[in-house]
Amino acid sequence: MKTAVVYYSMSGNTEYAAGKIAEALGADLIRVEPVKAYPTRGLRKFIHGGRAAVTGATPELLPCPFDADLYDRVVLCSPVWASNITPPMRSFVTRNIEGLRNKRIACLLSFSGGGADKAASKLRELIGVDAFEAETVLTDPVTRPSEENERLLCEFCEKLK
């Protein structure tokens, strides 16, 4: 089964998890990036990113090498911003919605606070699926490493093997 691991990461937490998943599954790793980067520090980071997430922004993305026809499964990896997936991930999903609808979809979310359940629910609704093939949530796996994060990541990968 050919798998793509598609991710957006600002602080490196989601990038770390996506890389581990791609390695474990022998999958293609595809980074999603907005044309205009979000602020990465201070209060502006939370205000600008949170507002964009809550309002459902879909920013323009840099080109990324994704062709849905090449994959049987897509693993979507996103941080949680204000109980939502990030705007760059929303843009990716929205722009590829037809190709994603006939794929097996898994979801990994990373967060610092809360709202992951709501973000996953909104992502399922956006794609039009009742459930993901596998789903997990990690709490800052790079900035706050823990055995729990590593266990959850391993279990997630095992479900997809």
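Check the entry above for the structure.
From a predicted model like this one, the values you see are computed outputs, not experimental measurements.

Trainee: Please clarify how unusual backbone geometry should be interpreted in this entry.
Mentor: Excluding glycine, residues mostly have negative phi values, and the peptide bonds linking residues are mostly trans. With a phi close to 50 degrees, Ala 82 is a non-glycine residue in the positive phi region. The backbone of Ser 83 sits at a positive phi, close to 65 degrees, despite the residue not being glycine. Inspection of the secondary structure assignment puts Ser 83 in the loop between β3 (73-81) and β4 (84-85).

Trainee: Help me out: how do you make sense of the pattern of salt bridges in this one?
Mentor: When charged atoms on two side chains of opposite charge get close, those side chains can pair. Tallied over the entire structure, the rule returns 11 salt bridges. Across the pair Arg 73 and Glu 133 runs a salt bridge, and its minimum N-O distance is 2.8 Å. Here the residue Arg 73 occupies a position in strand β3, and Glu 133 occupies one in the loop between α5 (116-127) and β6 (135-139), the gap between them amounting to 60 residues. As a salt-bridge pair, Glu 98 and Arg 101 come within 3.0 Å of each other at their nearest N and O atoms. Of the residues examined, Glu 98 reaches a relative accessible area of 58% and is grouped as exposed. Looking at Arg 101, the relative accessible area reads 46%, which means it is partly exposed. One network of salt bridges, in which partners are shared, links Glu 15, Arg 31 and Glu 33.

Trainee: Explain the state of the cysteines here, please?
Mentor: Here a disulfide denotes a covalent bond joining the sulfur atom of one cysteine to the sulfur atom of another. Applying the stated criterion to the full structure yields 0 disulfides. Left without a disulfide partner, Cys 154 is nearest to the cysteine sulfur of Cys 157, which lies 6.7 Å away. The class of Cys 157 is buried, set by a relative accessible area of 5%.

Trainee: Would you take a moment to explain the nonpolar core for this structure?
Mentor: Nonpolar side chains in soluble globular proteins tend to end up buried together. Ranked by internal contacts, the top residues of the largest apolar core, which has 27 residues, are Val 6, Phe 66, Leu 76, Phe 92 and Val 93. Of all the elements in the fold, those that place two or more residues in this core are β1 (3-7), β3, α3 (87-95), α4 (97-100), β5 (104-111) and α5. The biggest single contributor to this core is α5, with 5 residues. Ignoring sequence-local partners within four residues, the contact set of Phe 92 consists of Val 6, Val 32, Leu 61, Cys 64, Phe 66 and Leu 76.

Trainee: Sorry if this is basic, but what is going on with α5 here?
Mentor: Quick reminder: α-helices carry 3.6 residues per turn. Residues three or four places apart thus point the same way. The end-to-end C-alpha distance of α5 is 16 Å, a good match for the 16 Å that 12 residues give at a rise of 1.5 Å each. The complete set of buried residues in α5 reads Ala 116, Ala 119, Ala 120, Leu 123, Arg 124 and Ile 127. Down the axis of α5, the smallest arc covering the buried residues is 135 degrees, so these residues share one side. Those residues of α5 that are exposed and angled more than 90 degrees off the buried face are Asp 117, Lys 118 and Glu 125. At its buried positions, α5 is contacted by β3, β4, α3, α4, β5 and β6. The first or second residue beyond α5 is Gly 128, which carries a positive phi of 90 degrees.

Thresholds, definitions, all that
- Residues numbered from 1 in each chain as written.
- Predicted model: local features only at pLDDT ≥ 70, side-chain atom pairs only at ≥ 80, totals over all residues.
- Heavy atoms only, no water.
- Helix = DSSP H or I, 4+ residues; strand = E, 2+ residues; numbered from the N terminus.
- Salt bridge = Lys/Arg side-chain N within 4 Å of Asp/Glu carboxyl O.
- Buried < 20%, exposed > 50% of the residue type's maximum accessible area, 1.4 Å probe, protein only.
- Disulfide = S-S within 2.5 Å.
- Core = buried A, V, L, I, M, F, W, Y, C linked by side-chain atoms within 4.5 Å.
- Contact = heavy atoms within 4.5 Å.
- Expected span 1.5 Å × (residues − 1).
- Arc of directions from axis to C-beta.

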